[in-house]
Protein chains: 2
Amino acid sequence: MEFKVNSKELEKLLTKIIPAVPTRTPMPILENFLFEIKDGLLTIYATDLEISLKSSINIVTEDNISIVIPAKLLYDVLRSLGDTTVHFDIAGNGKLNLTTDNGQYSLSYLGADEFPEIPSFPEENESDDLAEISINGMDLKEALDKTSFAMSKEEMRPAMMGTLLEFREEGLRFVATDGHRLVNLLNKKIVTGLDNQYIVPEKAISVLQKVLDEKDVKLYMTKTHISFRLSDIELITRLIGQKYPDYKSVIPLENEFDLKLETKELHNAIKRMMLFSTSNTRRVKFSIKENNLEISAEDLDIGASGRENIMCKYSGDAIDIGFNSAYVHDILAHLNEEKEIIFKLHSSTKAVVIVPSVSKENEELMMLIMPVRLNN
Amino acid sequence: MEFKVNSKELEKLLTKIIPAVPTRTPMPILENFLFEIKDGLLTIYATDLEISLKSSINIVTEDNISIVIPAKLLYDVLRSLGDTTVHFDIAGNGKLNLTTDNGQYSLSYLGADEFPEIPSFPEENESDDLAEISINGMDLKEALDKTSFAMSKEEMRPAMMGTLLEFREEGLRFVATDGHRLVNLLNKKIVTGLDNQYIVPEKAISVLQKVLDEKDVKLYMTKTHISFRLSDIELITRLIGQKYPDYKSVIPLENEFDLKLETKELHNAIKRMMLFSTSNTRRVKFSIKENNLEISAEDLDIGASGRENIMCKYSGDAIDIGFNSAYVHDILAHLNEEKEIIFKLHSSTKAVVIVPSVSKENEELMMLIMPVRLNN
C-alpha cells in the first residue's frame, strides 16, 4: 500500500512522539513506532510501557494496515531530508520504501502484533470513575516547572518519584518532595468540583514540560491512568498506585521569624558558596542576626573557604542554621521570577519555609527545606 | 603581600591560560596556576608538560613572590563574581585570601618550587638555530581549521598525531593525515626564507584554534620547541621529534577523471547515507558514470538501505568506488566554503584527490581520501 506525506509535517509529529521511545530497553520492540493506518488516518504511537504518546495526520489511501518501524532511523531520515514530499510504499516483503525526488530509502518493518498493547484509555461513557477536566496548557506547564524538580529519584520511595496533583475545593494543588525539600503550589484558578488526588510519574511530567503550550489541555483520569490530550498529541501514563505521604504534617505553621532578602543576590552568593561546599554534606551555613545574613562554606580537604554578607531584613532571634547548598540553589533557581523572598524560620533544627514576599493572584506557592546539622 | 585586580580582567586572562591545565593527570601539581610576581608584573603560567601557556598583567606591589594556586577553584570563584575589585592577600600561613566588597574567600597555596619547570624558550640572541617569523593570526587559524581534523589519533604513529608546518620557498604548507585521508594546504602569502619543517602536536593546535584572532602572531622555533606569541598570551609547545611521512609520494598526480559537483548537495546526501552506513566499514558507494553520480549505503544487520542521485559533471570512465562515509563527511565539512568541488579519480582502488573548483588567491588546497574495498 502507498501514501504520501510532507517530510517536515511528519518530522514535526515524530518529534513530539519520540520522547516515549526508550533509548535503552530490554524489549527492542519498544524502539519502534507503531503506524496504524485506518480510514485515511495515520496514527503513530510510541510507548515505554509506562507512558505512551500518540498523534495522527490525515493521509490519502484506501487501505488499512498496522506496522512497526524503527523509530530512530525513520526519524533521523526525515530530519535529514529537506522540505519535500515523501512517498511511502509498504511492500509485502517486510520492506518500507521511502522515495523522494532524488533518493530512495528502504527500512525493515514488522507486523503490529509484535508491539505491546498501548494502555488503552476508556472512552467517556465507558467508565464510572472517569474524571474529566480542561486546563490551560501554560498554567499546567508553569506549575510543573516550579514543582517537579523536588521529586525524589530514590526507588525506595516510589510515591515520591512523581508529582502529586490534588484536586480540591480551593483549586488544583501540585506537590513534589524528596524528603529533603518540598514544593507546594496551589492554583486557585483551576476549580473543578473534583475531590481526588493522582501521582503522575516523573517521565510523564518531563515530557509534558516539553510539549505543553498555551492551548488548553484535557485531562481524563481513572484510578490507574491519566490522559493529557493536547491539540495535536495525547499522552497517557499510568499513575503511581501508592499513597502519597502526608505532606501537610511536615509543613511548620508557627515559624515566627521572617528573613526577607533579594532572590538574585542570595542565589549568586549561594553559587559561589557551592564552590567551597564540596564535601558530602555540601553544607552552607546561614548565620542570621538583626538585619544581617552571613553565609559561609568550607572545604576542609583542600583547605578552602568562603564567606559573604548579604543585605536582608530580619528582627528575630539570632540563628545559625545549615543547609545543603545544592538544595538551596535548586529552590532559588525555581523562584527566580520572584524579586524578594522570605525565609520563615524557627530554630536551627526545624524545617524552613520559603515563600515569595508578594504572592501572585490566584496562586499560593511555598517551598520547604530541611536544615542539616552544624557540627560546631 | 597584597595587590588588587579587577575580577573580569583576571577572569579573561585565566580563560586563556586554563586550557593548558590538564583535567586528569597523575601529577596533581599541574592542576594549579603558577603565579609569578616580579617588579610589578603578575605572570600566570599553566602547563601539562607538553604545552605551556602564559600571560601577564601589571599590578601595584612592592614584593616579588612565586606561588601555585588551585587553577579550577580560582577560575570558578572569579567567574562567579560580578565586575568588582578583588583584593589578593598572600598570607604567610599558606593561605591566599581574596576579599571583595561583600565576601571573603580563602584558598590554600603552595610554594613555586613544587611546580615543574616551564619549558623555557631561548631568548632571540641565545640560540643559533632559532627561527623567527610573523604571521597574521587569521591566516594561521584558517589553515589550522581546514587541516587539523585529519590528524591521526593513533599513538602507534606519533608523527601523524600533529600538524606539519613546512616553510618553503613557495610559502607555508600545512599537512595533516591519518593514513586514510590527508589535507595539504599551501599559503603562498607567508614567504619567510626559511627551509624547515615542524610537527606541532594536537593539543597545541586545538588551543591555538581557540585563542588566535586577527592580530599578528610571532613564531619562534628551535629544533625541539615552537612558541606562538600572541598579543596577550604565549603558547610554547614541544615539537613532535619524529620524521613526518613522505606525504608527497601518496598524492596521485595522474588522476585523469574529474567529477565536479556542488559541495552542499553532496554533503547533505552523505549525511543521509551515514544513517545507513553504520557497520564497521561505514561504507558509502559512489557509482559514477556520464554526468550522473549515484551514492548508496546499506546496513545488512537491520535490513535498511539508502540510495540517491546527485547532479554532477563527469565524462570519464564509469567507476564504482567505496569510501568511509564519516571521512567523506569530515572532508566536505571542511570544504563548506567552496560552492563546487572536484573529485579527481583514476580507478576504484586508487586514492582520490578533492580540490575546490576555483582556487583562492595565494592558496593551494587539496584533500585526499583512500577508497575502501567494495565487496560485490
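Residues numbered from 1 in each chain as written. Chains lettered and ligands numbered in written order. Predicted model: local features only at pLDDT ≥ 70, side-chain atom pairs only at ≥ 80, totals over all residues.

Asks: Explanation requested: the domain arrangement of chain A in the structure shown.
Replies: Quite often, the size of an interface is put as the accessible area lost when its parts meet. Residue and element names in this part refer to chain A. Split by domain assignment, chain A resolves into domain 1 (2-114), domain 2 (131-249) and domain 3 (251-369). Distance from the C-alpha centre of domain 2 to the C-alpha centre of domain 3: 27 Å. Each side of the interface is counted separately: domain 2 has 14 residues, and domain 3 has 14 residues. It is strand S13 (residues 181-187) that contributes the most residues to the side of domain 2 that touches domain 3, 7 residues altogether. (Domains from an automatic or database assignment. Contact = placed C-beta atoms within 7 Å. Helix = DSSP H or I, 4+ residues; strand = E, 2+ residues; numbered from the N terminus.)

Asks: How do you make sense of the relation of the copies chain A and chain B when you look at a structure like this?
Replies: Between the two copies of this chain, the relationship is a rotation about some axis together with a displacement along it. Overlaying chain A with chain B gives an RMSD of 0.0 Å, the required rotation being 180 degrees about an axis along which the chain moves by 0.0 Å. The symmetry that links the two subunits is that of a two-fold axis. Looking at chain A, 100% of its interface residues are interface residues in chain B too, so the copies touch through the same face. (Least-squares fit on C-alpha atoms with pLDDT ≥ 70 in both.)

Asks: When you look at the packing of helix H3 (residues 137-147) of chain A against helix H4 (residues 202-211) of chain A in this model, what are you seeing that I'm missing?
Replies: How two helices sit against one another is set out by the angle between their axes and by the gap between those axes. Residue and element names in this part refer to chain A. Two numbers describe how H3 lies on H4: the axes approach to 9 Å, and their chain directions differ by 130 degrees. Relative to H4, H3 is oriented oblique. At the point where H3 passes H4, the crossing takes the left-handed sense. Touching Lys141, Leu144 and Asp145 of H3 are Ile205, Leu208 and Gln209, all from H4. Of the residues in the contact of H3 with H4, the class split is 3 nonpolar, 1 polar and 2 charged. (Axes fitted to C-alpha atoms, helices over the stretch in contact; angles between N-to-C directions. Parallel < 35°, antiparallel > 145°, perpendicular 65-115°, else oblique. Left-handed = near helix turned anticlockwise from the far one by under 90°. Nonpolar A, V, L, I, M, F, W, Y, C, P; charged D, E, K, R; others polar.)

Asks: Looking at this structure, I do not really get the sheet that holds strand S1 (residues 2-6) of chain B. What am I missing?
Replies: To summarise the sheet geometry, strands pair through backbone hydrogen bonds and adopt either a parallel or an antiparallel arrangement. Pairing is antiparallel across the open sheet formed by 8 strands, whose spatial order is S22(A)-S19(A)-S20(A)-S21(A)-S8(B)-S7(B)-S6(B)-S1(B). Every other strand in the sheet has two partners, leaving strand S22 (319-324) of chain A together with S1 of chain B as the edge strands with one partner each. Averaged over all adjacent pairs, the angle separating strand axes in this sheet is 20 degrees, with direction ignored. Where strand S20 (residues 292-299) of chain A meets strand S21 (residues 304-311) of chain A, 8 bridges bridge the pair, whose relative direction is antiparallel. When the bridges of S21 of chain A are listed, Asp299 of chain A appears paired with Ala304 of chain A. Each of strand S19 (283-289), S20 and S22 of chain A is contacted by helix H6 (residues 325-333) of chain A, which is oriented at about 85 degrees to S22 of chain A, the strand it contacts most. (Pairing = 2+ DSSP bridges.)

Asks: Explain the sheet that holds S13 of chain A here, please?
Replies: All names here are of chain A. Pairing within the open sheet is antiparallel, and its 8 strands lie in the order S14-S11-S12-S13-S25-S24-S23-S18. A strand with exactly one partner marks an edge of an open sheet, and here the two such strands are strand S14 (196-201) and strand S18 (257-262). On average, each strand axis in the sheet is tilted by 20 degrees relative to the strand beside it, whichever way the strands run. Here 5 bridges tie strand S11 (residues 162-168) to strand S12 (residues 171-177), and the two strands are oriented antiparallel to one another. Bridge pairing links Leu164 to Val175 in S12. Here H6 sits on the sheet and contacts S13, strand S24 (352-356) and strand S25 (363-369); the angle it forms with S25, its principal contact strand, is near 170 degrees.

Asks: Explanation requested: helix H3 (residues 137-147) of chain B in the structure shown.
Replies: Think of an α-helix as 3.6 residues a turn; residues three or four steps apart then line up on the same face. Residues and elements named next belong to chain B. Listing the buried residues of H3 in full gives Leu140, Ala143, Leu144 and Thr147. Looking straight down H3, one finds its buried side chains confined to an arc of 95 degrees; they lie on one side. Packing partners of the buried residues in H3 comprise strand S10 (131-136), strand S11 (162-168), strand S12 (171-177), strand S13 (181-187), helix H4 (202-211) and strand S15 (216-221). (Buried ≥ 20, exposed ≤ 12 C-beta atoms within 10 Å, placed from the backbone. Arc of directions from axis to C-beta.)

Asks: Hey, could you run me through the interface of chain A and chain B in this one?
Replies: Listed per partner, the contact involves 23 residues of chain A and 23 residues of chain B. Listing elements by their share of the side of chain A that touches chain B, those giving two or more residues are helix H2 (71-80), strand S8 (103-108), helix H5 (263-274) and S21 of chain A. Looking at the side of chain A that touches chain B residue by residue, the class counts come to 8 nonpolar, 10 polar and 5 charged. Note: S8 of chain A against strand S21 (residues 304-311) of chain B, 4 bridges, orientation antiparallel. Opposite Gln104 of chain A, over in S21 of chain B, you have Arg307 of chain B as the bridge partner.

Asks: What is the right way to read the nonpolar core from this model?
Replies: Side chains of nonpolar character tend, in soluble globular proteins, to be buried together. Formed by 206 residues in total, the largest nonpolar core has its most connected members in Phe33 of chain A together with Phe33 and Ile369 of chain B. Those residues in contact with Phe33 of chain B, other than ones at most four positions away along the chain, are Ile17, Ile44, Tyr45, Ala46, Val68, Ile69, Ala71 and Leu74 of chain B. (Core = buried A, V, L, I, M, F, W, Y, C linked by C-beta atoms within 7 Å.)

Asks: Whenever I open this one, unusual backbone geometry confuses me. Can you help?
Replies: Excluding glycine, a negative phi dihedral is what most residues carry, and trans is how most peptide bonds are arranged. Residues and elements named next belong to chain A. In this model, Asp39 sits at a positive phi of 50 degrees, which is unusual for a non-glycine residue. On the secondary structure map, Asp39 appears in the loop between strand S2 (32-38) and strand S3 (41-47). Of the residues examined, Asp39 has 8 C-beta atoms within 10 Å and is grouped as exposed. The backbone of Asn362 shows a phi angle near 65 degrees, a positive value even though the residue is not glycine. Residue Asn362 is classed as exposed on the basis of its 12 C-beta neighbours within 10 Å.

Asks: Got a minute to help me understand the pairing of strand S19 (residues 283-289) of chain B in this structure?
Replies: On a regular strand, one side chain projects to one face of the sheet and the next to the other, so that they alternate. Residue and element names in this part refer to chain B. Counting buried residues along S19, 5 of its 7 residues qualify, which places the element largely inside the surrounding structure. Across 6 bridges, S19 lies against strand S22 (residues 319-324) in antiparallel orientation. If you follow Val284 over to S22, its bridge partner there is Phe323. Where S19 and strand S20 (residues 292-299) come together, 5 bridges link them in antiparallel fashion.

Asks: Which parts of the structure should I look at to understand the packing of helix H1 (residues 7-17) of chain B against helix H2 (residues 71-80) of chain B?
Replies: All names here are of chain B. Here H1 crosses H2 at 135 degrees, and the two axes come no closer than 9 Å. By the angle between their directions, the pair H1 and H2 is classed as oblique. Where H1 crosses over H2, the handedness of that crossing is left-handed. Where H1 approaches H2, its residues Ser7, Leu10, Glu11 and Leu14 are matched on the opposing element by Tyr75, Leu78 and Arg79. Here the residues of the contact of H1 with H2 sort into 4 nonpolar, 1 polar and 2 charged.

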